Protein chains: 2
Amino acid sequence: MTAKTMARFKIATYNVNSIRSRLHIILSWLEENRPDVFCMQETKVADARFPADAFTVAGYHVVFRGMKQYNGVAIASLEKPENVTYGLGGEADDADEDRLIAAVYSGVPVINTYVPQGRNRENPQFAYKLQWYARFREYLVQKWSSDAPLVWCGDLNVAPEQIDVHDPKRLLGHVCFNPEVWDAFDRVKSWGLEDLFRKHHPGEVECYTFFDYRVPRSVERKLGWRIDHILSTPALAAHCDSCNIDMNPRMAEKPSDHTILVAEFTI
Amino acid sequence: MTAKTMARFKIATYNVNSIRSRLHIILSWLEENRPDVFCMQETKVADARFPADAFTVAGYHVVFRGMKQYNGVAIASLEKPENVTYGLGGEADDADEDRLIAAVYSGVPVINTYVPQGRNRENPQFAYKLQWYARFREYLVQKWSSDAPLVWCGDLNVAPEQIDVHDPKRLLGHVCFNPEVWDAFDRVKSWGLEDLFRKHHPGEVECYTFFDYRVPRSVERKLGWRIDHILSTPALAAHCDSCNIDMNPRMAEKPSDHTILVAEFTI
DNA sequence: GTCCGTCGAG
DNA sequence: CTCGACGGAC
């Protein structure tokens, strides 16, 4: 690859906790950072009410899928997306179409997901979460190739390592910090995906992407979780220059409980 | 009175429709206009949650009374208020303490009220509204003197004249544009109160202080009502230099359905 | 339309 | 703590 054909590719992921409430934060961040691809989760809005115009005005394409009240995913992009798909496939009412949106940008497939949180270990939603990772692995096997560039990102509702939560002893067993979830997540990664944040920050502590609203002053006290992630196939991971947490949205007038995670590539 | 002892006195009234939602509008208006007395209605917040600190920071004293959800009145002032009282008196649970707050500023009593709206003519709240004006007249008789300076202001939920609504034919009979309400309101005025806006703008049309949220583009189409008022005893009315409607809050990012009404005196 | 309270969710 | 949904009020 010559210098002439090399290009920068910037991708970011953000659990917006309502796109309507967070629209100002999103637009000002896009304006300042101009990512090529911006993945959002928990948009919490039905498609008919999605604020698509605001993205158009900002110079972004946007694709989205949401039912009212819960879940909802969207991707904004400078380039027009190709091959946009929704959900894991299978039965329409079981496909979780408001939890997964995939599209191809500059030839790179981007899969943006909002993985079920699981509520608590006794709740059927927890079994559903474990099953979801398994179904997602099967979706990767059936639909995509681990030999080619591919990005998986979003709110994956798993803190993969001991250093990814502020109190691993107390939190062990939580639905986002749990041996069964780690196994299910590892099974997905074994398809061929690498955690880009850890690739660039091995062993680095107190790096979190989520701070529970219910914990007073959680940001200042560093009481967070690293549950939002950007992973890629090895073919693309080799070209990843950086992966960083942007705390800015947490400092805004109307912060969400999540940060923005950003990865940059030279491709 | 010599020029040396003369002073300007500016008083304003604003139905805020939730003081928490409208705090930014209120503070920026106070900063720009620096009224001596600023009366608010429909604060919609219990006393324990009233944002008093924000007024202190802005250089204002503030007194208030509200129950949660409905009603609620407050007065912000540059000078410290004297003799602050709440409600019409009588039985505590019937005194409407969250609809009337009175205090004395530079020797001038200011009575700030949120008069019951009345819902509809068949609703018991309508009889209660009519009774409220009668009780308010009795309150004036018992407690105050019409020979001395005194201000009555607030959301009085009455458009007194034909020109005070955009469609007098269609709206005739509405709980805020109604012969029984006019009579009750006139009985109060007969105690000794003058409508300061009309004093300075006799016969002027299309002057409104309220624009129903449910009427599309009501401001642009001038589909309003003049139901917020500042009245005073003759002793003070003689010193009133102006009384004007400030539409600015209706143009803010988060407009309320009411404007601000401002009166200026030289005393 | 825009408030509030209440509720379920995270 | 903050979100959306809902129902009541204006």
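Conventions and cut-offs
Residues numbered from 1 in each chain as written. Chains lettered and ligands numbered in written order. Predicted model: local features only at pLDDT ≥ 70, side-chain atom pairs only at ≥ 80, totals over all residues. Heavy atoms only, no water. UniProt positions renumbered as here; feature names shortened; annotations may be inferred. Helix = DSSP H or I, 4+ residues; strand = E, 2+ residues; numbered from the N terminus. Rg over C-alpha atoms; globule rule 2.2 N^0.38 Å. Buried < 20%, exposed > 50% of the residue type's maximum accessible area, 1.4 Å probe, protein only. Contact = heavy atoms within 4.5 Å. Areas by Shrake-Rupley, 256 points an atom, 1.4 Å probe, with all protein chains shown as cover. Lys, Arg positive; Asp, Glu negative; His and termini not counted. Charge placed at Lys NZ, Arg CZ, Asp CG, Glu CD. Near = heavy atom within 4 Å. Polar contact = N/O pair within 3.5 Å; in protein donor to acceptor, adjacent residues only side chain to side chain. Salt bridge = Lys/Arg side-chain N within 4 Å of Asp/Glu carboxyl O. Nonpolar A, V, L, I, M, F, W, Y, C, P; charged D, E, K, R; others polar. Axes fitted to C-alpha atoms, helices over the stretch in contact; angles between N-to-C directions. Parallel < 35°, antiparallel > 145°, perpendicular 65-115°, else oblique. Pairing = 2+ DSSP bridges. Expected span 1.5 Å × (residues − 1). Arc of directions from axis to C-beta. Phe/Tyr/Trp six-rings, centres within 6.5 Å; stacked < 30°, edge-to-face > 60°.

- As recorded in an unreviewed UniProt entry, chain A goes by Exodeoxyribonuclease III and comes from Syntrophus aciditrophicus.
- Annotation of chain A in UniProt includes, under Sequence similarities (unreviewed entry), the sentence "Belongs to the DNA repair enzymes AP/ExoA family."

1. Focus on the overall build of chain A
Then, number 1: In terms of regular secondary structure, chain A is built from eight helices and twelve strands.
Then, number 2: A compact globule built from 267 residues would reach a C-alpha radius of gyration of about 18 Å, and chain A, at 17 Å, matches this within 12%.
Then, number 3: Along the three orthogonal principal directions, the C-alpha set of chain A runs to about 50 × 40 × 40 Å.
Then, number 4: Taken across its 267 residues, chain A has 55% of its residues classed as buried.
Then, number 5: Partitioning the contacts of chain A with sequence separation of at least 6, the portion at a separation of at least 24 is 70%.
Then, number 6: For chain A, the computed accessible surface area is about 12,100 Å², with 50% contributed by carbon and sulfur atoms.
Then, number 7: Side chains of chain A carry 31 positive and 36 negative charges; the gap between the two charge centres is 3 Å.

2. Considerations on the protein's contact with DNA strand C
Then, number 1: Close to DNA strand C lie 16 residues, the nearest being Arg119(A), Ser18(B), Lys68(B), Tyr213(B) and Lys254(B).
Then, number 2: Sugar and phosphate atoms constitute 65% of the interface atoms of DNA strand C, taking the interface as everything within 4 Å of the protein.
Then, number 3: Contacts to DNA strand C include Arg22(B), whose side-chain N or O atom sits 3.5 Å from a sugar or linking oxygen.
Then, number 4: Measuring from a phosphate oxygen of DNA strand C, one finds a side-chain N or O atom of Lys68(B) at 3.0 Å.

3. Points about the pattern of salt bridges
Then, number 1: Inspection of the entire model under this criterion finds 24 salt bridges over all chains.
Then, number 2: Salt-bridge contacts for Arg198(B) lead to Asp164(B); the nearest nitrogen and oxygen are separated by 2.8 Å. With Arg198(B) in helix α6 (residues 196-200) and Asp164(B) in the loop between β8 (151-155) and α4 (168-171), this residue pair connects regions lying 34 residues apart in the sequence.
Then, number 3: Among the residues examined, Arg198(B) registers a relative accessible area of 9% and is labelled buried.
Then, number 4: Look at Asp164(B) and you get buried, because its relative accessible area is 0%.
Then, number 5: Among the ionic pairs, Asp195(B) bridges to Arg226(B), the shortest N-O distance being 2.9 Å. Within this pair, whereas Asp195(B) is found in strand β9 (residues 194-195), its partner Arg226(B) is found in the loop between α6 and β10 (228-232), the two being separated by 31 residues in sequence.
Then, number 6: A relative accessible area of 1% means that Arg226(B) is categorised as buried.
Then, number 7: Beyond isolated ion pairs, a larger network of salt bridges with shared partners links Glu161(A), Asp164(A), Asp195(A), Arg198(A) and Arg226(A).

4. Comments concerning the side chain of Lys10(B)
Residues and elements named next belong to chain B.
Then, number 1: Inspection of the secondary structure puts Lys10 in strand β1 (residues 8-15).
Then, number 2: The charged side chain of Lys10 is buried without a salt bridge, its nearest counter-charge being Glu264 at 4.4 Å.
Then, number 3: Engagement of the side chain of Lys10 in a polar contact is seen with the backbone oxygen of Asn33, the distance being 2.9 Å.
Then, number 4: Those residues in contact with Lys10 that sit more than four places away from it in its chain are Asn33, Pro35, Asp36, Val37, Val262, Ala263 and Glu264.

5. Quick look at the protein's contact with DNA strand D
Then, number 1: Around DNA strand D, the structure places 16 residues, and the nearest of them are Ser18(A), Gln69(A), Tyr213(A), Arg119(B) and Arg214(B).
Then, number 2: By atom count, sugar and phosphate contribute 75% of the portion of DNA strand D lying within 4 Å of the protein.
Then, number 3: Between DNA strand D and the protein, one listed contact pairs a phosphate oxygen with a side-chain N or O atom of Lys68(A) at 3.4 Å.
Then, number 4: Between Tyr213(A) and DNA strand D, the recorded distance is 2.9 Å, taken from a backbone N or O atom to a sugar or linking oxygen.
Then, number 5: Looking at the surface near DNA strand D residue by residue, the class counts come to two nonpolar, five polar and nine charged.

6. Considering the packing of helix α3 (residues 124-143) of chain B against helix α5 (residues 179-189) of chain B
The packing of two helices is summarised by the inter-axis angle and the distance between the axes.
Residue and element names in this part refer to chain B.
Then, number 1: Interaxial distance between α3 and α5 falls to 9 Å at its minimum, and their mutual angle equals 10°. Judged by the angle between their axes, α3 and α5 are roughly parallel. Judged by residue contacts, Phe126, Lys129, Leu130, Tyr133, Phe136, Arg137 and Leu140 of α3 engage Glu180, Val181, Ala184, Phe185, Arg187 and Val188 from α5.
Then, number 2: Taken together, the residues of the contact of α3 with α5 break down into nine nonpolar, no polar and four charged.

7. Examining the sheet that holds strand β9 (residues 194-195) of chain A
Residue and element names in this part refer to chain A.
Then, number 1: With mixed pairing, the six strands of this open sheet are ordered in space as β5-β6-β7-β8-β10-β9. With one partner strand each, in any of the chains shown, β5 (82-86) and β9 form the two edges of the open sheet.
Then, number 2: Here strand β7 (residues 108-114) runs beside strand β8 (residues 151-155); their pairing, made up of five bridges, is parallel. Paired with Ile111 across the two strands is Trp152, which belongs to β8.

8. Considering α3(B)
Residue and element names in this part refer to chain B.
Then, number 1: Look at α3: 28 Å from first C-alpha to last across 20 residues, which is about the 28 Å you get at 1.5 Å a residue.
Then, number 2: Regarding α3, the residues found buried are Phe126, Tyr128, Lys129, Leu130, Trp132, Tyr133, Arg135, Phe136, Arg137, Tyr139 and Leu140.
Then, number 3: In the core, the buried residues of α3 are packed alongside β5 (82-86), β6 (100-105), β7 (108-114), β8 and α5.
Then, number 4: N-cap assignment for α3: the residue whose side-chain oxygen lies 2.8 Å from the backbone N of Gln125 is Asn123.

9. What about helix α1 (residues 23-33) of chain B?
Residues and elements named next belong to chain B.
Then, number 1: For α1, the complete set of buried residues consists of Leu23, Ile25, Ile26, Trp29 and Leu30. Buried residues of α1 fall within an arc of 160° about the axis and therefore sit on the same side. Set apart from the buried face of α1 by more than 90 degrees, the exposed residues are His24, Glu31 and Glu32.
Then, number 2: For α1, the secondary structure elements touched by its buried residues are β1, β2 (37-41), α2 (52-57), β11 (240-246), α8 (248-251) and β12 (260-266).
Then, number 3: Count one or two residues on from α1 and you reach Arg34, which has phi positive near 45°.

10. What to know about the packing of aromatic side chains
Between two aromatic rings, the relevant description is the distance of the centres plus the angle of the planes.
All names here are of chain A.
Then, number 1: Under the counting rule described, the total for this entry stands at 26 aromatic pairs over all chains.
Then, number 2: Residues Tyr14 and Phe38 carry aromatic rings whose centres are separated by 6.3 Å and whose planes lie at 55° to one another, so their mutual orientation is tilted. Of this pair, Tyr14 sits in strand β1 (residues 8-15) while Phe38 is found in strand β2 (residues 37-41), placing the two residues 24 residues apart along the sequence.
Then, number 3: Taking relative accessible area as the criterion, Tyr14 reaches 0% and is therefore assigned buried.
Then, number 4: Classification of Phe38 as buried rests on a relative accessible area of 0%.
Then, number 5: Through a chain of ring-to-ring contacts, three or more aromatic side chains come together here, namely Trp132, Tyr133, Phe136, Tyr139, Trp152 and Phe185.

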